[in-house]
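Coordinate inspection notes
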Amino acid sequence: MNARVVSPRTLDDALAELQGASADTLLLAGGTDLMVEFENGRTEPRHVVDVWALDELRGVRAEDGGVRLGALTTCAELERDPLVTDVLREAAREVGAVQIKNRATLGGNLGTASPAADLNPVLFALDAVVRLRSAAGERELPCAEFVTGYRANARRPDELIESVLVPARAENERRAFRKVGTRKAQSISKVVLAIAARVDGGAVTALRAAAGSVAERTVLLPSLEQALAGRAPDAAAVESAARSAVRADVSPIDDVRSTARYRRELLFRLLKRLLREVLA
Amino acid sequence: MKLRFTVNGAEREVDVAPLARLLDVLRDELRLTGTKEGCGEGECGACTVLVDGEAVMSCLVAGCQAAGRDVVTIEGAGHEAVQQAFLEEGGAQCGICTSGMIVATRAFLEEREREGKPATVEAAREALAGNLCRCTGYGKVIAAVLAAGGETR
């Protein structure tokens, strides 16, 4: 390996290093994904910016409208921090073993953009917004737009992920999360699902759902949202909405972890179950 | 790169590739071969060490990320009560997973103590969920964790 590897100690140094970086520059955070890629040769590192020491990108703080999470906040920290609540805490807790949670980061989940990432469905369903920084300035975009394809994202080579703003839970908003893997701990998802919804006066007034491991990337489920918007969420409506989402919004594949058929059936049942929880 | 860090309480300096795995730095450069490689992809926990007191998979830590950090391996001090419990409860067979299990157990018990929570069966199972044993089940391992927890409290 003849990679050029730099480990900046400050955010400014990191941004300076990224100025003029090319598309094959890699940002290394906790390494739970990239170190495996390097070892098995799937990714050949040429220019690596190791951001792990950038404490400016760590930490959780309350902010107007929600909670701001530094990109390097680990899953273990998300699980522990009292400001991190409900579905995000649950997802962080179920990401993997303790040893993985001590290293795997929020920014890494977004940046790697694996279809099986456990935090990303939550960030999508909650309309979380990612903040990107470069020497030229900063910009923000919804997490659901940041992830653009299979392990692909909208980050420019000169940018890094600075933080994510997770909106506070609205009055009467209900949220649910479920991950299904081969075993309860330390497994990659067969299907992972997050939902946020509001019901006012017997009708669904807001609904956002996102699923992982059922397409080439984490996906929102627009058919589900359209089918239930403004409607009374009775059993028949929920069943038909779940069916249309499974038909139109996902494209699962057969792989070592599961089959396309199982994933569709599983997603259908999880949707019905979680919708019952949040729309009750 | 010149990697300077603390290993088992001693300052060390080694010349390594920045992306060399901490696992290889420990085993090949420092000859600390008590840390084992199982899967090499963060699934099995055999290579568990402590970095700044936290349990991590050393196969997933780049050498450059260990700079200035405090690393404790199975060869380090402080595991004695846990080791004794694994011995007495028979919490090991072939031994490949055992160093990782012991280090992970120590991190777990220290965390429980900090938080003033007891080491329950459920918590112990969760804490060791990332440490796989291919010889047998986990009954005696969990018994050893609980016994060690009793001793250290």
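What follows covers the pairing of strand β1 (residues 2-7) of chain B. Residue and element names in this part refer to chain B. Sheet analysis places β1 next to strand β2 (residues 10-15), joined by 6 bridges and oriented antiparallel. For T6, the partnering residue across the bridge sits in β2 and is E11. Linkage of β1 to β2, two consecutive antiparallel strands, is achieved through a turn of 2 residues, within which N8 is found at a positive phi near 50°. Sheet topology note: the β1/strand β5 (residues 70-72) ladder contains 2 bridges and is parallel. Following the sheet pairing, T6 is matched in β5 by D70.

A word on the domain arrangement of chain B. Residue and element names in this part refer to chain B. Looking at chain B, the domain boundaries give domain 1 (2-76) and domain 2 (80-148). Between domain 1 and domain 2, the C-alpha centre-to-centre distance is 20 Å. Together, the buried faces of domain 1 and domain 2 total about 1100 Å²; carbon and sulfur atoms form 62% of this surface. When residues of domain 1 are sorted by the area they lose upon contact with domain 2, T48, L50 and I74 head the list and together hold 40% of the total.

All right, on to the pattern of salt bridges then. Oppositely charged side chains can pair when the atoms bearing their charge come close. Residue and element names in this part refer to chain A. Taken as a whole and assessed by the stated rule, the structure comprises 39 salt bridges over all chains. Note that R175 is salt-bridged to E173, the shortest N-O span being 2.9 Å. Owing to a relative accessible area of 11%, E173 belongs among the buried residues under this scheme.

This next bit is on empty space enclosed by the protein. Taken as a whole and assessed by the stated rule, the structure comprises 1 cavity of 30 Å³ or more. In this model, the largest cavity occupies a volume close to 50 Å³. Along the walls of the largest cavity sit R9(A), D50(A), W52(A), A53(A), C64(B), Q65(B), A67(B) and R69(B), which together make up its complete lining. By residue class, the composition of the lining of the largest cavity is 4 nonpolar, 1 polar and 3 charged.

Residues and elements named next belong to chain A. Formed by 56 residues in total, the largest nonpolar core has its most connected members in L69, L110, L119, L123, V130 and V164. With 5 residues, the single largest contributor to this core is helix α7 (residues 119-125). Excluding residues within four positions of it along the chain, L110 makes contact with N120, L123, V130, C143, F146, V147, N153, I161 and V164. Counting residues in each nonpolar core, the second largest holds 32 residues, with A237, L267, L270 and V278 among its members.

All names here are of chain A. In terms of strand pairing, strand β2 (residues 25-28) meets strand β3 (residues 47-50) through 4 bridges, oriented parallel. Paired with L26 across the two strands is V48, which belongs to β3. Handedness of the β2-helix α2 (residues 34-40)-β3 crossover: right-handed.

A common way to express how large an interface is: the accessible area buried when the components associate. At the interface, 28 residues of chain B touch 32 residues of chain A. When the two sides are added together, the surface that chain B and chain A hide from each other amounts to roughly 2300 Å², 55% of it contributed by carbon and sulfur. Sorting the residues of chain B by area buried against chain A places L19(B), L60(B) and Q65(B) first, and these three jointly supply 29% of that buried surface. At the junction of chain B with chain A, the criterion picks out 3 salt bridges. A salt bridge links R93(A) to E126(B); its shortest N-O distance comes to 3.1 Å. Taken together, the elements giving at least two residues each to the side of chain B that touches chain A come down to β4 (54-57), α3 (98-115) and α4 (121-127) of chain B. No other element matches the 4 residues that β4(B) contributes to the side of chain B that touches chain A.

Another aspect to go through is the packing of aromatic side chains. All names here are of chain A. A full pass over the atoms with the stated rule returns 0 aromatic pairs over all chains. The side chain of R58 reaches across the aromatic face of W52, ending 4.7 Å from its centre. If you follow R103 out to its NZ or CZ, it ends over the ring of W52, 4.1 Å from the centre.

Taken as a whole, the second largest pocket holds about 1200 Å³ of empty space. Counting residues per element, the ones that place at least two in the lining of the second largest pocket are α3 (75-80) and α5 (98-101) of chain A together with β4, α3 and α4 of chain B. Here the lining of the second largest pocket is built from residues that sort into 14 nonpolar, 7 polar and 17 charged. There are two domains that each give the lining of the second largest pocket at least three residues, and those are domain 1 (2-76) and domain 2 (80-148) of chain B.

Further remarks concern the environment of W52(A). Residues and elements named next belong to chain A. You can see W52 is positioned in the loop between β3 and β4 (60-63). In this structure W52 comes out as buried when scored by relative accessible area, which is 8%. Note: C-alpha distance between W52 and L28 (24 residues apart in sequence) is 7.0 Å.

Right, let's talk about the sheet that holds β5(B) for a bit. All names here are of chain B. Within the open sheet, the 5 strands sit side by side as β2-β1-β5-β3-β4. Their pairing is mixed. Edge positions in the sheet fall to β2 and β4, since each has one partner strand and no second. Looking at each pair of strands side by side, their axes are set apart by 40° on average, direction ignored. Note: strand β3 (residues 48-51) against β4, 4 bridges, orientation antiparallel. When the sheet's bridge partners are listed, V51 is paired in β4 with E54. The strands touched by helix α1 (residues 22-29) are β1, β2, β3 and β5; relative to β1, the strand with the most contacts, the crossing angle is about 80°. Most of the contacts of α3 go to β3, to which it runs at about 35°, and overall it touches β3, β4 and β5.

Cut-offs and rules
Residues numbered from 1 in each chain as written. Chains lettered and ligands numbered in written order. Predicted model: local features only at pLDDT ≥ 70, side-chain atom pairs only at ≥ 80, totals over all residues. Heavy atoms only, no water. Pairing = 2+ DSSP bridges. Helix = DSSP H or I, 4+ residues; strand = E, 2+ residues; numbered from the N terminus. Domains from an automatic or database assignment. Buried area = accessible area lost by both parts, 1.4 Å probe. Salt bridge = Lys/Arg side-chain N within 4 Å of Asp/Glu carboxyl O. Buried < 20%, exposed > 50% of the residue type's maximum accessible area, 1.4 Å probe, protein only. 1 Å grid on protein atoms, 1.4 Å probe; cavity = no way out; pocket = protein on both sides within 12 Å on 5 of 7 lines; lining within 4 Å. Points joined across faces, edges and corners; volume = space filled by probe spheres on them. Nonpolar A, V, L, I, M, F, W, Y, C, P; charged D, E, K, R; others polar. Core = buried A, V, L, I, M, F, W, Y, C linked by side-chain atoms within 4.5 Å. Contact = heavy atoms within 4.5 Å. Right-handed = clockwise from strand over helix to strand, strands pointing away. Phe/Tyr/Trp six-rings, centres within 6.5 Å; stacked < 30°, edge-to-face > 60°. Lys NZ or Arg CZ within 6 Å of the ring centre and 35° of its normal. Axes fitted to C-alpha atoms, helices over the stretch in contact; angles between N-to-C directions.

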